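The lines below spell out each chain.
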Amino acid sequence: MKLMQLQRTMARAVMQPLTSSERMQGRAPDGGPMKRYASRFIKPNDRLTSFERLEIYNRQYWFRVLAALGEDFPGLCAVLGQGRFDAMARAYLIANPSRSFTLRNLGSRMESWLRKNPKWAGPNQELALDIARLEWADIEAFDGKTEPALRPDDLSIAAGPRMKLTLQPYVRLLSFRYPVDDLLLEVRKEDEDTDFASNTFQERRKRKRVRAVAKLKPAPIFLAVHRIDYTVYFRRLDQEEFSILTALRQGKTLAAAVEWAFRGSQIAPEERPLKVQTWFETWSTLGWFCRPEKKQAAS
Amino acid sequence: MSANRFNGFTDYGIGIGLRAPHYDHILTRKPVVDWFEIISENFMIDGGRPLDILDRILEQYKVVQHGVSMYFGSAEKLNREHLRRLKDLVQRTKTPWLSDHLCWGSVDGRYTHDLLPMPYTFEAARITAQKVREVQDFLEIPIAVENVSSYAEYHDSEMTEWEFLNEVVERADCGILLDVNNIYVSSQNHNFNPLDYVNSVPAERVAQIHIAGHSKYRKYILDTHDHPVIDPVWKLYERAIHLAGHTATLLEWDDSIPSFQEVHDEARKANRFLRATALAEAV
Ligand SMILES: [Fe+2]
C-alpha cells in the first residue's frame, strides 16, 4: 500500500465510533467485517490479533477527543446531563473531526453545529446554545491576544467624539437569552467542591444540578468575557453599554457608537452623558482599549 | 561527545517536562533545574497566562521545545499555520534544538491527536525525511526526531524500526531524540531485544534522551508517563549514554503528576549513570 492509502485506511478505522461498550465496532468503514479490514494492513502478534491492535488506537482516539470536549464544555454537560452530553459529543466529533494541530480548537464549531442539529441540543435548545457559546468565548478570552493597553491617562472623552477606539482582541462581547454566566460559575464551583467527594455523592450532586439547570428561567443578559491578570472574568453590561462597545468594535467613532446605542433607550437623555462617562472610565481602567495597530478579530 | 550539531553544541544536563501543576512551585521557589522541556503546542497561542508563565520561566531557566503534532510521517503536506506559529515560539524561547515524533497522526487535514506508528518502508522514510528537511529549513534550528511507543505493526514494513530510524535521520541529516522508555515499551509489544535497537542507533546523532514510566496491561504495555522509571529502562539508558556520551536527558511525567520534588528526584537518578560516563570519558 502507498503511504497515503495506508494512512487513510487506518485513520478511517481509528476515527470510527466505538460501540456502546467502548470497543471497536465489528463492522469496518468499508461495510465489511472489521476483522478482515484490520488484518489487511496490521500484523497480529503472539498475544493480540490485528483487530485488537487496531482497537487500542481506536479507543485511544475516542477517549482523548471526548475527554478534551468534556473539559471544555462542563456547562453544556450540566445543561444536557451526562448521558445526553456524551451522545452529543460523539455526534459532534463524527461531524467535526479535528482540523487543527491543537485540541484547543476542537469545540470551535459547537454552537453553530448545535444550531444546525437541534436534536442534539436537548429539550432547551436556546439554553444549550447560550452555554456553548459562553464556554467557547471563555476559551478564546483565556489565550486571546493582548495589545498594549491605553490607560485612563491616554484616554478621555475630551479626546474628541470622532475618536475611534480599538477593543483588546481578547475581550469577547456576547448577548444571551439566559443568565448562563451564573450557571457556569455555579457548575465550576460544584466541580471544585466534588473533586474530593466520593463517586455516588458526585452523581447525586450532578443530578441535582441538572434539575436546577432545567428550571433556569430566561433572562436576557449582555456580557463581556475578559481578563484581569490573566484570569478570565464575566462582566455583565447594560444593553446600551454593550451596544456602544459592539459599535466601537465594528469601527464606528465614539460619537456614532453612543448615538446608535441610545436609539430607543429607556435611559433619560439627561442621564446619558454621566452613564457614558462612568462606563468609559470602567472600560479604560480594565484596559479594554488598545492602539488600533493591526486588524483584530471580530467578537 | 554529547554537545553536537544536532543540539546546537549545547551541554545540557538533566531536565524535566514543564507541567502546569508545578508552575507555582517553580515560580515561587525557583528550584535549581538544568533545563525544562515544554510542549510547544501549549504555547502556540496568541496571549494570556500560558505565555506569561513561559516568559517568566525563560527569565530564569533554559527551555527546549518538544512538539506533539508536527507529524513528520504524515503523507500529507506540512501545515503552514502550524509552522508559522512554531517559528514565533522558537524566536521567543531561543530553543537550541527542537524535537517532535517519528510518527504520523493526520490525513486529509483531519487530526487524530495521537502518535501513530509508521510503516517501515523506503517510501515512508523518503517522505518523512523530506518533511524533516523542510521544517529544519523553515525554522533554521536543528531538528531531532523521537522514536515513539507503538502497539501495532504493518504488513507493509520492509525493515526494523531501528533501521527505519537510521534511514530517516541519514536522509534528513537530522538528530535523534532517543526515548529509551519507548524502545522498551515497543520491544515488549513487538518481541524484539531493546539492546539491539539501542546498539544500532547512530550515537553521533543523539541530541537528547527521554526517560519515562509506563503502564503494563495483561497483553501489552502503554506509554502513559505516569510512573517512575523501571530498572530495565535505566539499563537501556545506561547503554545509550555509554554509546552517546553525556547527553541532555529529560524525564517525562504527564499523568498522575506527583510533586515537583518527586519528579525532579526521579530525574536526577540519571546522574549516577551520567557521572560514570563522564568519568569514563575523562580517563
Ligand atoms: Fe518521549
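Residues numbered from 1 in each chain as written. Chains lettered and ligands numbered in written order. Predicted model: local features only at pLDDT ≥ 70, side-chain atom pairs only at ≥ 80, totals over all residues. Heavy atoms only, no water.

*Asks:* Just give me the short version of the overall build of chain B, but keep the residues and values in it.
*Replies:* Counting its regular elements, chain B contains 10 helices and 13 strands. Taking the principal axes of the C-alpha coordinates as reference, chain B spans close to 50 × 45 × 40 Å. Every one of the 283 residues in chain B was classed for burial, and the buried ones make up 63%. The long-range fraction of contacts in chain B, counting pairs at least 24 apart against all pairs at least 6 apart in sequence, stands at 80%. Carbon and sulfur atoms make up 48% of the accessible area of chain B, which amounts to about 10,800 Å² in all. (Helix = DSSP H or I, 4+ residues; strand = E, 2+ residues; numbered from the N terminus. Buried < 20%, exposed > 50% of the residue type's maximum accessible area, 1.4 Å probe, protein only. Contact = heavy atoms within 4.5 Å. Areas by Shrake-Rupley, 256 points an atom, 1.4 Å probe, with all protein chains shown as cover.)

*Asks:* Break down the confidence of the model for chain B for me, with residues and values.
*Replies:* For chain B, the mean per-residue pLDDT works out to 94, and 99% of the residues sit at or above 70. Here the prediction assigns the complex a pTM of 0.92, and the interface score ipTM is 0.94. (pLDDT = per-residue confidence, 0-100.)

*Asks:* Report on empty space enclosed by the protein, specifying residues and quantitative values.
*Replies:* Residues and elements named next belong to chain B. Under the counting rule described, the total for this entry stands at three cavities of 30 Å³ or more. Taken as a whole, the largest cavity holds about 70 Å³ of empty space. Considering the residues around the largest cavity, the lining is formed by L102, P117, M118, Y120, N147, V148, S150, E161, F164, L165 and Y197. Among the elements that line the lining of the largest cavity, the one with the most residues is helix α5 (residues 161-172), at three residues. Broken down by class, the residue content of the lining of the largest cavity amounts to eight nonpolar, two polar and one charged. In this structure, the second largest cavity spans a volume of roughly 40 Å³. Every residue lining the second largest cavity is listed: L178, V198, V201, A203, V206, A240, L243 and A244. With three residues, helix α8 (residues 231-244) is the largest single contributor of residues to the lining of the second largest cavity. Tallied by class, the residues present in the lining of the second largest cavity amount to eight nonpolar, no polar and no charged. (1 Å grid on protein atoms, 1.4 Å probe; cavity = no way out; pocket = protein on both sides within 12 Å on 5 of 7 lines; lining within 4 Å. Points joined across faces, edges and corners; volume = space filled by probe spheres on them. Nonpolar A, V, L, I, M, F, W, Y, C, P; charged D, E, K, R; others polar.)

*Asks:* An account of helix α11 (residues 254-261) of chain A is needed here, citing residue identities and associated values.
*Replies:* All names here are of chain A. Regarding α11, the residues found buried are L254, A257, V258 and A261. The arc that holds every buried residue of α11, seen down its axis, measures 95 degrees, which confines them to one face. Looking at the buried residues of α11, the elements they touch are α10 (239-249) and α12 (272-285). (Arc of directions from axis to C-beta.)

*Asks:* Before we move on, can you summarise helix α2 (residues 49-60) of chain B with the specific residues and values?
*Replies:* Between its first and last C-alpha atoms α2(B) spans 17 Å; for 12 residues at 1.5 Å apiece the expected length is 16 Å, and the two agree. Of all the residues in α2(B), the buried ones are B:P50, B:L51, B:D52, B:I53, B:L54 and B:I57. As for α2(B), its buried residues are in contact with α7 (125-143) of chain A together with α1 (23-29), β2 (35-39), β3 (63-66) and α3 (80-93) of chain B. (Expected span 1.5 Å × (residues − 1).)

*Asks:* Please set out the environment of B:R49 residue by residue, giving values where relevant.
*Replies:* Topologically, B:R49 is positioned in helix α2. Assessed through its relative accessible area of 31%, B:R49 is described here as partly exposed.

*Asks:* Let's hear about the coordination of the iron ion: which residues, and what values?
*Replies:* Residues and elements named next belong to chain B. For the iron ion, the full set of protein donor atoms is E146 (OE), D179 (OD), H210 (ND1) and E252 (OE), at a range of 1.9 to 2.4 Å. Each of the four donor atoms bound to the iron ion contributes to angles spanning 85 to 171 degrees, and the resulting shape is irregular. Sequence spacing of the donors to the iron ion: E-x32-D-x30-H-x41-E. You can see D179 sitting in strand β9 (residues 175-179) and its partner H210 sitting in strand β10 (residues 206-212), a full 31 residues away along the chain. By relative accessible area, which is 0% here, D179 ends up buried. (Donors = N, O, S within 2.8 Å, 3.2 Å for Na, K, Ca; no water. Tetrahedral: all angles 85-135°; square planar, octahedral: opposite > 155°, others 65-115°.)

*Asks:* Can you explain the packing of helix α2 (residues 34-41) of chain A against helix α3 (residues 50-72) of chain A? Please cite residues and give values.
*Replies:* All names here are of chain A. Look at α2 against α3: their axes get within 8 Å of each other, and the N-to-C directions meet at 90 degrees. Taken together, α2 and α3 sit at an angle that is classed as roughly perpendicular. Together, M34, K35, A38, S39 and F41 of α2 and S50, F51 and L54 of α3 make up the contact between the two elements. For the contact of α2 with α3, a count of residues per class yields five nonpolar, two polar and one charged. (Axes fitted to C-alpha atoms, helices over the stretch in contact; angles between N-to-C directions. Parallel < 35°, antiparallel > 145°, perpendicular 65-115°, else oblique.)

*Asks:* I'd like a rundown of the packing of aromatic side chains, residues and numbers included.
*Replies:* All names here are of chain A. All told, the structure shown has 23 aromatic pairs over all chains when counted by the stated rule. On the numbers, 6.0 Å between centres and 85 degrees between planes, the contact of Y37 with F41 is edge-to-face. With a gap of four residues between them, Y37 and F41 both fall in helix α2, about one helical turn apart. For the pair formed by Y37 and F41, the shared burial category is buried. With centroids separated by 5.0 Å and ring planes inclined at 45 degrees, the aromatic side chains of F222 and F242 adopt a geometry described as tilted. (Phe/Tyr/Trp six-rings, centres within 6.5 Å; stacked < 30°, edge-to-face > 60°.)

*Asks:* With reference to specific residues and values, describe the sheet that holds β3(B).
*Replies:* Where strands meet in a sheet, backbone hydrogen bonds hold them as pairs that are either parallel or antiparallel. All names here are of chain B. Strand order in the closed barrel formed by eight strands is β1-β2-β3-β4-β7-β9-β10-β13, with parallel pairing between adjacent strands. Across the sheet, the axes of successive neighbouring strands diverge by a mean angle of 30 degrees, strand direction being ignored. As judged from the three bridges shared by strand β1 (residues 14-17) and β2, these two strands associate in the parallel manner. Counted as the bridge partner of G15 is W35 from β2. Where helix α4 (residues 122-139) meets the sheet, its contacts fall on β4 (98-101) and β7 (143-146), and the angle it forms with β7 comes to roughly 145 degrees. Here helix α10 (residues 270-282) sits on the sheet and contacts β1, β10 and β13 (249-252); the angle it forms with β1, its principal contact strand, is near 150 degrees. (Pairing = 2+ DSSP bridges.)

*Asks:* Go over the sheet that holds strand β3 (residues 172-176) of chain A, please, and point to the residues and values.
*Replies:* Residues and elements named next belong to chain A. Pairing is antiparallel in the open sheet, where three strands are placed in the order β3-β4-β5. One side of each edge strand has no neighbouring strand; the edge strands of this open sheet are β3 and β5 (231-237). Between one strand and the next, the sheet's axes are offset by a mean angle of 30 degrees, whatever the strand orientation. By the bridge criterion, seven bridges tie strand β4 (residues 221-228) to β5 in an arrangement that is antiparallel. Residue R227 lies in a different strand from β5, and its bridge partner there is V232. Those strands touched by α7 are β3, β4 and β5, and its axis lies near 170 degrees from that of β3.

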